[in-house]
Amino acid sequence: MRGAIRQPGHDGGDLIRMRSFFDPTLIERNGVAFIREDQIDNALGRLIPNVHITKGRYVHPAHAELRDLAWNHMDQNHRPFIHRTYSDAMRVHIGEEAAFSLTRFGKWPMVVPVFDGHYKDNGFYQVVCLFGLFVVINFIAARADGQRTYMEIDWAIASHRLLRFLHPALDRRLRRLNEVQNVEDEGVRDRRVALRADGYRFQTDNPDFVNSNVVSNNVIFPPVLMPQAVSLADLRDGEVRRIDVDRRAYLVRRAGEAVQVWPAICPHEGAAIGPEHVRANGVKCPWHGLEFGMRLLRPGSPGVTMCGARVEFKDASLIVGAAPG
């Protein structure tokens, strides 16, 4: 048990005792400490004189696995591209179990401090402070019930009681925000479901705030079952076409005697990239804004490795086979 203190027991064995903190409301998880969920109201009452607390709740049904719902929440970099609520953010800290950022709210000249903490399995605190007057604590949990999964969001709005007349408006805003953002995230989550059904895995299968926010090729493509050839004889010069072959996909564009090729499955986290995402000689991922340059394939050239396969252009056909190694 990480973070525990071992002491010899009376029978010669070891007794395990959790680490003690000066603040008794803290409890340890994976080497870091979070406030106990049942102590938050008392802590807010101690922190804010004459406190008034308003509670709210929203539940959204999902199809994705719990680990993918957790990854979706910890993936902070998708928010400016998928959600219109967030315009930009300054990442102050990212660790495996927690992250802190300063976030600009929409187009307003307002910066909001946001803390995210992974305080229990598939459960998160998200703490926001508004104008130094309101504290909003969101309790976000991914939960399974049989074959269905859910995102459950509970929140507490805390302020001095003189400001309680503003709580109903804030409560309605939070409810609407959670509804809209969960609907916007459905495409990301459902895409993950479809890829897993095709045998995909991810470096973020055991997600944390670090691996969910690094820029790397996190997609583990399924192996190529057998080489396949897709004819491009009718591809017009300058035309962009999506090619689906052996559980992977490519964008191709005719360039004279050669073809230009891009991944149509983002190697970062698996977003679908279509012809509409082509910009000049590059493509831009709709989830995270990552850009990929084209690879030029000439007839008989050695080919390139892309989307976990070896891709060549030969006899007016795109040849997709096993990648070296």
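Just above, that's the structure.
Below: a short report on this structure. None of these values were measured; they are calculated from a predicted model. (Residues numbered from 1 in each chain as written. Predicted model: local features only at pLDDT ≥ 70, side-chain atom pairs only at ≥ 80, totals over all residues. Heavy atoms only, no water.)

## Here we look at unusual backbone geometry
Now for step 1: Positive phi values are uncommon outside glycine, yet Phe131 reaches one of about 60°.
Now for step 2: Within the fold, Phe131 resides in the loop between strand 9 (123-130) and strand 10 (134-145).
Now for step 3: Positive phi, normally seen in glycine, also occurs at Asp246, with a value near 50°.
Now for step 4: Relative to the helices and strands, Asp246 is located in the loop between strand 15 (240-245) and strand 16 (248-255).
Now for step 5: A relative accessible area of 11% places Asp246 in the buried class. (Helix = DSSP H or I, 4+ residues; strand = E, 2+ residues; numbered from the N terminus. Buried < 20%, exposed > 50% of the residue type's maximum accessible area, 1.4 Å probe, protein only.)

## Some details on the sheet that holds strand 21 (residues 295-297)
Now for step 1: If you trace the four strands from one edge of the open sheet to the other, you get 15-16-17-21, paired in antiparallel fashion. Either end of the sheet is taken by a strand with one partner, and the two such strands are strand 15 and strand 21. Adjacent strand axes in the sheet meet at a mean angle of 35°, parallel and antiparallel pairs treated alike.
Now for step 2: Relative to strand 17 (residues 258-263), strand 16 runs antiparallel, the two sharing six bridges. The partner of Tyr250 across the bridge, within strand 17, is Pro263. (Pairing = 2+ DSSP bridges. Axes fitted to C-alpha atoms, helices over the stretch in contact; angles between N-to-C directions.)

## Some thoughts on helix 4 (residues 167-197)
Each α-helix winds once per 3.6 residues, and so residues spaced three or four apart point in a common direction.
Now for step 1: Taking 1.5 Å of rise per residue, 31 residues should cover 45 Å, and helix 4 covers 44 Å from first to last C-alpha, within 8% of that figure.
Now for step 2: The principal kink in helix 4, of about 35°, is found at Glu186.
Now for step 3: Following helix 4 by one or two positions, Gly199 has its phi on the positive side, about 95°. (Expected span 1.5 Å × (residues − 1). Bend = angle between axes of the 7 residues up to and from the residue.)

## A look at the packing of helix 2 (residues 66-74) against helix 4
Now for step 1: Between helix 2 and helix 4, whose axes approach to 10 Å, the crossing angle comes to 140°. By the angle class used here, helix 2 and helix 4 are oblique. Handedness of the helix 2/helix 4 crossing: right-handed. Two secondary-structure elements touch here, helix 2 through Arg67, Asp68, Leu69, Trp71 and Asn72 and helix 4 through Asp185, Val188, Arg189, Arg192 and Arg196. (Parallel < 35°, antiparallel > 145°, perpendicular 65-115°, else oblique. Left-handed = near helix turned anticlockwise from the far one by under 90°. Contact = heavy atoms within 4.5 Å.)

## Quick look at the packing of aromatic side chains
Now for step 1: If you walk through the whole model with that rule in mind, you get six aromatic pairs.
Now for step 2: Ring centres of Tyr119 and Tyr125 lie 3.7 Å apart, and the angle between their planes is 0°; this geometry places the pair in the stacked category.
Now for step 3: Between Phe124 and Phe209, the ring centres sit 6.1 Å apart and the planes meet at 85°, which makes this aromatic pair edge-to-face. With Phe124 in strand 9 and Phe209 in the loop between strand 12 (201-202) and strand 13 (219-220), this residue pair connects regions lying 85 residues apart in the sequence.
Now for step 4: Residue Phe124 is classed as buried on the basis of its relative accessible area of 2%.
Now for step 5: The class for Phe209 is buried, based on a relative accessible area of 0%. (Phe/Tyr/Trp six-rings, centres within 6.5 Å; stacked < 30°, edge-to-face > 60°.)

## Digging into a nonpolar patch on the surface
Now for step 1: A cluster of nonpolar side chains, contributed by Ile94, Val210 and Val214, occupies part of the molecular surface with about 180 Å² of accessible area.
Now for step 2: Assignment of secondary structure puts Ile94 in strand 6 (residues 86-94).
Now for step 3: When its relative accessible area of 32% is taken as the criterion, Ile94 is described as partly exposed. (Patch = residues over 30% accessible without salt bridge, like charges linked within 9 Å, V, L, I, M, F, W, Y side chains within 5 Å. Areas by Shrake-Rupley, 256 points an atom, 1.4 Å probe, with all protein chains shown as cover. Salt bridge = Lys/Arg side-chain N within 4 Å of Asp/Glu carboxyl O.)

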